[in-house]
Amino acid sequence: MSPAAIIALNQTSANLGRRIQAILPNATLYGLTDRTTTVDITFENFGDTLRELFAQGTPIIGICAAGILIRTLAPALTNKWQEPPVIAIAEDGSAVVPLLGGLQGVNDLARQIAAGFEVQAAITTTGDIRFRTALLSPPSGYVLANPEDAKTFIADLLAGKSVQLQGHAPWITASQLPLQDSATHTLQVSERIGEPSPTCLVYHPKTLAIGLASSSVSGDRIQMLLTEAGLATQSLAGLFVLQSEAGQPEIQAIAQHFQIPIRFFKATDLESPESTAALLALTAAGPEGRLLIDQTDWAIAVADTPIEVEQIGRAPGKLVIIGTGPGGPNWISPEVKAALQKTTDWVGYKTYLDLAEPWRTQQNRHESDNREELDRARAALDLAATGRSVAVISSGDPGIFAMAAAVFEVIDRDNNPNWSIIEIQVCPGISAMQAAAAQVGAPLGHDFCAISLSDLLKPWTVIEQRIAAAAQADFAIAFYNPISKQRRWQLEKAKDVLLQHRSPQTPVVLARNLGRSGQTVTVTTLKDLEPESADMRTVILIGSSQTRVIQRSNSQPWVYTPRHYD
Ligand code: SAH
C-alpha cells in the first residue's frame, strides 16, 4: 500500500494528524491553507485535492465527517477493484470509520489507527467481522488467483460452510475462519498453478525468485518453462541480476513481461564469486531457498515465505525529469506532484526547488547553479545510480529549454555504464509560452515557433537567422531568455530583424513572472516593444501577420491568431 495522505481542515484536526503520523510514519499531513499551520503540505481546494489523491490511488485519512468524504468522492467511485482505502476519523480520535477500499486493506489500516487511539474501528464488512480477515484482499506478498469466485465462497462460509487450508499462510491460521481438515471448501496457498473454483480460492505467495546470469533468454521462454513446471507467474517476486550485467536491455524486458521489480547484487553479496543464475536466485530466496529450475543462464528458486524484495539487493534507481509549470500551484500537473512526493532527492536550480518546496516532505534538496546544467544532470544520474529516486526539477516544461535535453545529452556523451540501470521518466509541464498565451487569449492559435535568445549555447548569427526565417515564414514566435544581466542588446537586435519582415503594428505580449508574485502581462506592438521592459523572467510572444487584438467591453484587450488565412 502506498503511503497515506492525512487530510486536516483545521488546526485541531492537524494536531490529531500528527498523532496519526506517529502510528503511520510514512503518511503525509495535508492541511487547508489559512486554517492549519505546521502541516507537511497545504491545499486550497478540498474537493480537488481529495479527488486527485483518490485518482492516484493514495490511501486517504480524512479527519472530518464521513458524509463530507462520501459526497466529495461520490463522482469518482467507478471501480471498486481499484479504489484506495478511505477512512473518516473524528477530530477527537474517538471514531475510526473505514469507508472505501475494502479490497485494498482499509479495515486493517483502520484497525491499526484505532489500536493507536485505543478505540474500536467501526468495521462493517460482515466477512471481516466474523473471520477477522478479508479473503478478497490478502496481505501484501499474496495474490488471489480467482477473485471472481470469492463472493460466492465467502457467502458459503457465512452460511455455515467450513474450510480447509492447503499450504501455509500465517494470516489464515491466525484468522477466525472455520478451519476444518475435511471441509468442502479449500484455501490453497501455493506457487503452483492449482485449480481455482467457486469452492477453492487459490493464493499465490510471492516466493519465486528469478536469477539471471546472462540475458540471452526472453520473457516468453521463461513463461513457457514456468507453465511446463506448473508454476504460477503471480508468485514471481523479483528478477535478481548481477550489478555488472545492468546495462543489458533484456533485463528490463523480462521485468516488464512479468511486471516484477529488478534488484541488483554485487559479486561480493554472493557466497561464491561465480555469478551463476542459480546462486543469484538462491541468494534472493534466503537460507531456506530451494532451486526449482536451473537453466544455466537463468534459474528459479522458491523461498519459504514471501520474498521482501525491497529488503534484498539494490534497486535500479530512478530519475524523473519534471517541469513544475511557470509558477503557482494550479499549473503543476498531478503526475508531477506525485513524482515530487515519491522521489527521495530533488536536484535543481535553487529558484526551481523553491517553487516545488510546498510539496516537499522528507526529500533531500541538492541545489546547483543555474548555468551548470550538464554537471547538474551528471550529479543527478550519479545519485540515481546509487539506487536513489531522484527528481530533476525544471520550471515550465522540462523538455523546453530545460533539463530533459541536458540529461539525455550527458547520457549520450558520457556513455557511463553505471547509469544504464537507471529507470528514466519525463513528466511534462505547462511551458511559459502556454501560460502567457492563456493570459491574453490565443496568440499561438495557428503555426508558431519558440526561439531562445540566449547566445550562451549557440552563436548569435544562428539566432538572427532563425528569427528572420520565422518572421518570413509568418510564424507567431515565443521568445524565451529574452535578456539577462550579461545579454543586454539581443532583444533590440531581434526587434530590428522582425521589423524588416513584419508590420510595426504586430501585436506583442510581454508576460513576466507568470504564476508568481509580481505577475504582469502587457499587450503592445512591435514598434512600441521596449527591450528594457523585459527581463530573464519574461517570455515574449510576437504575433504573425494574422494576429489580432480585440477589445470587449469592460475587459482587457484579447489577442488571438485565427486558425485560417483569408
Ligand atoms: N522550461 C521552461 C523554460 C526555461 S528557459 C518553460 O517551459 O517555460 C527560461 C525562460 O523561460 C525565461 O527566461 C523566460 O523567458 C521563460 N519563463 C520561465 N518561467 C517564466 C515565468 N514564470 N514567467 C515568464 N516567463 C518565464
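Since the structure is predicted, the reported quantities are computational estimates derived from the model, not experimental observations.

About the criteria used
- Residues numbered from 1 in each chain as written.
- Predicted model: local features only at pLDDT ≥ 70, side-chain atom pairs only at ≥ 80, totals over all residues.
- Heavy atoms only, no water.
- Patch = residues over 30% accessible without salt bridge, like charges linked within 9 Å, V, L, I, M, F, W, Y side chains within 5 Å.
- Areas by Shrake-Rupley, 256 points an atom, 1.4 Å probe, with all protein chains shown as cover.
- Salt bridge = Lys/Arg side-chain N within 4 Å of Asp/Glu carboxyl O.
- Lys, Arg positive; Asp, Glu negative; His and termini not counted.
- Charge placed at Lys NZ, Arg CZ, Asp CG, Glu CD.
- Helix = DSSP H or I, 4+ residues; strand = E, 2+ residues; numbered from the N terminus.
- Near = heavy atom within 4 Å.
- Polar contact = N/O pair within 3.5 Å; in protein donor to acceptor, adjacent residues only side chain to side chain.
- Nonpolar A, V, L, I, M, F, W, Y, C, P; charged D, E, K, R; others polar.
- Domains from an automatic or database assignment.
- Contact = heavy atoms within 4.5 Å.
- Buried area = accessible area lost by both parts, 1.4 Å probe.
- Expected span 1.5 Å × (residues − 1).
- Buried < 20%, exposed > 50% of the residue type's maximum accessible area, 1.4 Å probe, protein only.
- Arc of directions from axis to C-beta.

Draft legend 1. Highlighting a negative patch on the surface. There is a patch of like negative charges on the surface, built from Glu-492, Asp-496, Glu-530 and Glu-532. Mapped onto the elements of the fold, Glu-532 is located in the loop between strand 25 (520-525) and strand 26 (538-542).

Draft legend 2. A look at the site of the ligand. Around the ligand sit 20 residues in total, of which Ile-400, Ser-431, Ala-432, Met-536 and Thr-538 are the nearest. At 3.1 Å, a side-chain N or O of Asn-481 approaches an oxygen atom of the ligand. Interatomic distance of 3.5 Å between a backbone N/O atom of Val-539 and a nitrogen atom of the ligand. When the ligand sits alone it has 540 Å² of accessible area, and the protein chains cover 95% of it. Residues belonging to the shell around the ligand are distributed by class as follows: 11 nonpolar, 6 polar and 3 charged.

Draft legend 3. The arrangement of the domain arrangement of the protein chain in detail. Looking at the assigned domains, one finds that the protein chain contains domain 1 (5-124), domain 2 (142-205), domain 3 (208-311), domain 4 (318-430) and domain 5 (433-560). The centre of domain 1, based on its C-alpha atoms, is set 30 Å off from the matching centre of domain 4. Listed by partner, the interface residues are 7 residues for domain 1 and 9 residues for domain 4. Around 590 Å² of area is buried between domain 1 and domain 4 when both sides are counted, 44% of it from carbon and sulfur atoms.

Draft legend 4. Highlighting unusual backbone geometry. Even without being a glycine, Arg-132 presents a positive backbone phi close to 60°. Inspection of the secondary structure assignment puts Arg-132 in the loop between helix 5 (126-131) and strand 7 (142-144).

Draft legend 5. Seen up close, helix 14 (residues 403-414). The terminal C-alpha atoms of helix 14, which comprises 12 residues, lie 16 Å apart, in line with the 16 Å expected from a rise of 1.5 Å per residue. Met-403, Ala-404, Ala-406, Val-407 and Val-410 are the residues of helix 14 that are buried. Buried residues in helix 14, looked at end-on, bunch into an arc of 170°, giving them a common side. Exposed side chains of helix 14 directed beyond 90 degrees from the buried face belong to Asp-412 and Arg-413. At its buried positions, helix 14 is contacted by strand 16 (318-323), helix 13 (373-385), strand 19 (389-394) and strand 20 (423-427). Following helix 14 by one or two positions, Asn-415 has its phi on the positive side, about 50°.

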